[in-house]
Amino acid sequence: MRRPNEIASEEASMGTLVELTSVFEGLASMRISQIKDQVLQSTKFYSKLWDIYSQIRVTGSFSFGRGHGEEFIDKELLVIITAEGGFSGDIDLKLVKLMLKDYDPKKNDIIVVGHHGATQLSQNKVAYKIYFKMPSRDRDINVEPIVREIKKYRSTKVYYQEYISLMVQDVKRIELSSAVNNLGDAQVKTKEEINEKTYIFEPSTFDVIAHLESSMMQITVSQLILESKLAQYASRFQAMRMAHDRADETTKTLHLDYNRSKRNIKDARLKEIVTSLKLLKEGTAA
């Protein structure tokens, strides 16, 4: 049986773990709240851009911000957004498996956001074109390098982690052009038509549209990254909550073991004293 001081030392260590998991749980919750606020602000800005874009668009198709007549790679680009570190549960693994179901090396190139995803693909012996570090900031994310790569391709599909609730996260895939249009369709559009008869476009209408499409793509990619970060923080929150509960339960068990050990020692000493007195009494009687 372990001695009380050994159990007390383990109980103290477990108590420290309880406090740490509480701190990390609180930090994850705070970051989730901050990201939700950031998403709301960027959505409002996107609404203004879409309102203008929908009034001056000269074609019905989304051109990914490419200039008029600009050439592109006749492949579909797959962009996968994962955690930077490995502390993300199994959701990154699910995301990689989802993407690999669609992946054809002859038809697709891959861009990875997040080191954990790059590691998962390397372990599966799948080559990717570029790896981007998951932005550490939750505000003013610079996705311009990613958007520059996206513009080079005929179409783009994004795989990301979806935040549903603190306890539920999922994986999703979406066509980037559909994501842009879906986000735009959710906005309120005015009926005024903006055209070259009533406005002057410099350097040209197509250039203005390309600039708006690039801006909206940057916002959309940022939104998808933030959505993934929300899911990652929620996953960490859930992990910390479970670790906190386990550590708290272990601390209570250790405290019971500590009291039981002390009581056993006292009982053993009392038994020794009684035995000694009995032997002493028997020796005196003899």
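Everything below is about the structure printed above this text.
What counts, and where the lines are drawn
Residues numbered from 1 in each chain as written. Predicted model: local features only at pLDDT ≥ 70, side-chain atom pairs only at ≥ 80, totals over all residues. Heavy atoms only, no water. Axes fitted to C-alpha atoms, helices over the stretch in contact; angles between N-to-C directions. Helix = DSSP H or I, 4+ residues; strand = E, 2+ residues; numbered from the N terminus. Parallel < 35°, antiparallel > 145°, perpendicular 65-115°, else oblique. Left-handed = near helix turned anticlockwise from the far one by under 90°. Contact = heavy atoms within 4.5 Å. Nonpolar A, V, L, I, M, F, W, Y, C, P; charged D, E, K, R; others polar. Pairing = 2+ DSSP bridges. Core = buried A, V, L, I, M, F, W, Y, C linked by side-chain atoms within 4.5 Å. Buried < 20%, exposed > 50% of the residue type's maximum accessible area, 1.4 Å probe, protein only. Salt bridge = Lys/Arg side-chain N within 4 Å of Asp/Glu carboxyl O. Polar contact = N/O pair within 3.5 Å; in protein donor to acceptor, adjacent residues only side chain to side chain.

Draft legend 1. Structural context of the packing of helix α2 (residues 91-102) against helix α3 (residues 115-123). Contact pair α2 / α3: the axes reach a minimum separation of 10 Å and the direction vectors enclose 55°. When the axis of α2 is compared with that of α3, the two are oblique. For α2 against α3, the interelement crossing comes out right-handed. Across the interface between the two elements, Asp-92, Leu-93, Val-96, Met-99 and Leu-100 of α2 pack against His-116, Gln-120 and Leu-121 of α3. When its residues are assigned to classes, the contact of α2 with α3 shows five nonpolar, two polar and one charged.

Draft legend 2. Geometry of the sheet that holds strand β5 (residues 169-175). Strand order in the open sheet made by the five strands is β3-β2-β1-β4-β5, with mixed pairing throughout. Across the chains shown, the open sheet's two edge strands, defined by having one partner strand only, are β3 (130-132) and β5. The average undirected angle you get between the axes of adjacent strands in this sheet is 20°. In this structure, strand β1 (residues 73-81) lies alongside strand β2 (residues 108-113), joined through six bridges in parallel fashion. Counted as the bridge partner of Glu-76 is Asn-108 from β2. Running over the sheet, α2 touches β1, β2, β4 (153-163) and β5 and is turned about 30° from β5. Packed on one face of the sheet, α3 meets β2 and β3 and runs near 135° to β2.

Draft legend 3. Region of the structure containing the nonpolar core. Core analysis: the biggest nonpolar cluster contains 32 residues, and Ile-81, Ile-150, Val-158, Val-221 and Ile-225 have the highest contact counts within it. Aside from chain neighbours lying at most four places away, what touches Ile-225 is Ile-81, Met-134, Pro-135, Ile-141, Val-143 and Ile-146. In this structure, Leu-98, Val-112, Ala-118 and Leu-121 belong to the second largest nonpolar core, which totals 14 residues.

Draft legend 4. Looking closely at the pattern of salt bridges. Under the defined criterion, the tally for this structure stands at seven salt bridges. When the shortest N-O distance is used, the salt bridge between Asp-109 and Lys-75 registers 3.4 Å. Note that Asp-109 is positioned in strand β2 and Lys-75 in strand β1, a separation of 34 residues in sequence. A salt bridge links Asp-102 to Arg-173; the shortest N-O distance between them is 2.9 Å. Here Asp-102 is found in helix α2, whereas its partner Arg-173 is found in strand β5, with 71 residues between them in sequence. For Asp-102, a relative accessible area of 27% translates into the label partly exposed. Counted as one network, the salt bridges with shared partners bring together Lys-129, Glu-149 and Lys-152.

Draft legend 5. Region of interest: the side chain of Ser-222. If you trace the backbone, Ser-222 turns up in helix α6 (residues 205-285). For Ser-222, a relative accessible area of 14% translates into the label buried. If sequence neighbours within four positions are ignored, Ser-222 has contacts with Ile-141 and Val-143.

Draft legend 6. A look at α3. Those residues of α3 not exposed but buried are His-116, Gly-117, Ala-118, Gln-120 and Leu-121. In this structure, the buried residues of α3 make contact with α2, β2 and β3. After α3 finishes, the residue Lys-125 shows a positive phi value of roughly 60°.

Draft legend 7. Local environment of the pairing of β4. Among the eleven residues that make up β4, nine are buried, leaving the element largely enclosed by the rest of the structure. Pairing of β1 with β4, which is carried by six bridges, proceeds in the parallel orientation. Looking at β4, one finds that Ile-80 is bridged to Tyr-159. In this antiparallel pair of consecutive strands, β4 and β5, the connection spans five residues.

Draft legend 8. Fine view of the environment of Tyr-159. Examined against the element boundaries, Tyr-159 turns out to sit in strand β4. Each C-alpha atom, one on Tyr-159 and one on Ile-80, is 4.6 Å from the other, the two residues being 79 residues apart in sequence. Not counting chain neighbours up to four residues away, the residues in contact with Tyr-159 comprise Leu-78, Val-79, Ile-80, Ile-81, Leu-95, Leu-98, Met-99, Asp-102, Lys-172 and Arg-173. Within the structure, the side chain of Tyr-159 is placed 2.6 Å from the side chain of Asp-102, a separation counted as a polar contact.

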